[in-house]
Structures are given as structure tokens and as C-alpha cells.
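Geometric and topological summary
These are the residues of each chain, in order.
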Amino acid sequence: METSSHKKGNKKKNKASGPSPQALVYKGSVKPPLSSNEASVYELYNAQTFTVASNAGGVLSGNYGSWPSGINDWSNVIGTFHEVRTLGMRLEYVPHNRYTRGTVTTTSVATVVDHTDAGALGSYDAAANHESGKIRSLDDPFVVTAKMTGSEEAQFQDATLSSSTANRFFIKLYADGLSFSTTYGRVTIYYLYQVRGRK
């Protein structure tokens, strides 16, 4: 677990490594933060991975929320801090079948960054009509980034909340017409988030 922090309230001002706790929008990079002085607000960077597979009907549906409670270090995070908010998340997809095309049926995959609806995508049309919707190839690597936007997403939340309650934005995938029950690749989700209120 990589950390950085910034100091507040001192006579000598230090440049913060990330947004202040009052920031409503995050525009920085979703990459490991640089180290800085120890303080009450810390930035953490963790990742988790998932396989990307079609179901028995040849449909692929992925819905990845912003709350990082699935990471391996989460028990340490909630055991150390009271509050959390996610600054951004980055999805990196790597295909399994890039060099074996023809052995499985591959179609395009739709991606969406959603700040309002927790539900999964149900069609290509739903993605195409979303302002962030993009159509990509399942045969090729791709990256999707989502960042904190607005006052609701900017609020710190109780670190012990479940993902179903605490998710504030989502990265979604959808594809159909695929080979049945087939693994197409793997995604790694990188989370950049802030914690405060050391226990």
C-alpha cells in the first residue's frame, strides 16, 4: 500500500500533494502519489484484478464501483482510519486471446463511466447513448479512467460502509454475441483515495 500525505494549519505553508478535503472535483492523475510530509489526510493507492468473461448466454457485463473495499489491504485501512473518499479509479484491460483470434467469437465491447446510475449496462445502445460511452475491441488492451466529480462524490464517508452503500461512480463494460462461458481477459482496477481520522 503506497501512501502520501500533506500538512495543514501550519504557519509555514506546504504545497499539498493532492486536493484539499474541501475539493469538489479531482482533475489529477490516477497514479501512485508522491511522498510528502506526514499529516492528517493521506492518499493511498491500491489495485485489485478481475477476469472478464461471458456468461452462458454469451453476454459480458462488468460493473466496477469506486469504493475500494475489495483490496487486500482494506482491513488495515478501516482498522486505522475513520473516513475515506475515492479521488479516481483506472481500469486497465488486457486480452487473453489477442494472438489467437478465430478460436473464440469476439465482438466489440462498450465502456461507460457513470456518475449517476449503479445499474449494469444492458445493451450497446445504452452505452452509445451515454455521454461517456465508447465502443472498443475485446481483442486489444484499453484503459478507462473515472474521477471524483461534484459535492456528493467529494464527501468523506465512514470507512466501514459496504460497497453497495458507498460507491459513488462506476466503470461499466458490456458485450454480447460472444462465445459462451469464455474468459476474454483480465482487468486491473487501480484506486487512488484519501483517508483521514486516524484511530
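Just above, that's the structure.
An account of the accompanying structure is given in this report. (Residues numbered from 1 in each chain as written. Predicted model: local features only at pLDDT ≥ 70, side-chain atom pairs only at ≥ 80, totals over all residues. Heavy atoms only, no water.)

**Things to note about empty space enclosed by the protein**
- Within the structure shown, the criterion is met by one cavity of 30 Å³ or more.
- Around the largest cavity, the lining residues are S66, W67, R85, T86, E153, Q155, Q157, A166, R168 and F169. (1 Å grid on protein atoms, 1.4 Å probe; cavity = no way out; pocket = protein on both sides within 12 Å on 5 of 7 lines; lining within 4 Å. Points joined across faces, edges and corners; volume = space filled by probe spheres on them.)

**Observations regarding the environment of N63**
- Mapped onto the secondary structure, N63 falls in strand 3 (residues 60-65).
- In sequence terms N63 and L121 are 58 residues apart; their C-alpha atoms lie 8.0 Å from each other.
- At 2.8 Å, the side chain of N63 forms a polar contact with the backbone oxygen of A118. (Helix = DSSP H or I, 4+ residues; strand = E, 2+ residues; numbered from the N terminus. Polar contact = N/O pair within 3.5 Å; in protein donor to acceptor, adjacent residues only side chain to side chain.)

**Quick look at unusual backbone geometry**
- A positive phi angle, near 45°, is found at S181, a position not held by glycine.
- Inspection of the secondary structure puts S181 in the loop between strand 9 (170-175) and strand 10 (183-198).

**Concerning the packing of aromatic side chains**
- Using the criterion set out here, one finds seven aromatic pairs in the structure.
- Ring geometry for F50 and Y64: centres 5.3 Å apart, planes at 45°, overall tilted. In this pair, F50 sits in strand 2 (residues 41-53) while Y64 sits in strand 3, placing the two residues 14 residues apart along the sequence.
- Every member of this aromatic cluster is reached through a ring pair, and the members are W67, W74 and Y193.
- Sitting over the face of the ring of F170, K172 holds its NZ or CZ atom 5.8 Å from the ring centroid.
- When the ring centre of F156 is taken as reference, the NZ or CZ atom of R196 above it lies at 4.0 Å. (Phe/Tyr/Trp six-rings, centres within 6.5 Å; stacked < 30°, edge-to-face > 60°. Lys NZ or Arg CZ within 6 Å of the ring centre and 35° of its normal.)

**Focus on the sheet that holds strand 5 (residues 108-114)**
- With respect to topology, four strands assemble into an open sheet ordered 3-9-5-6, the strand pairing being antiparallel. If you trace the sheet from one side to the other, it starts and ends with strand 3 and strand 6 (134-137), each paired once. Neighbour-to-neighbour, the strand axes of this sheet turn through a mean angle of 20°, independent of strand direction. (Pairing = 2+ DSSP bridges. Axes fitted to C-alpha atoms, helices over the stretch in contact; angles between N-to-C directions.)

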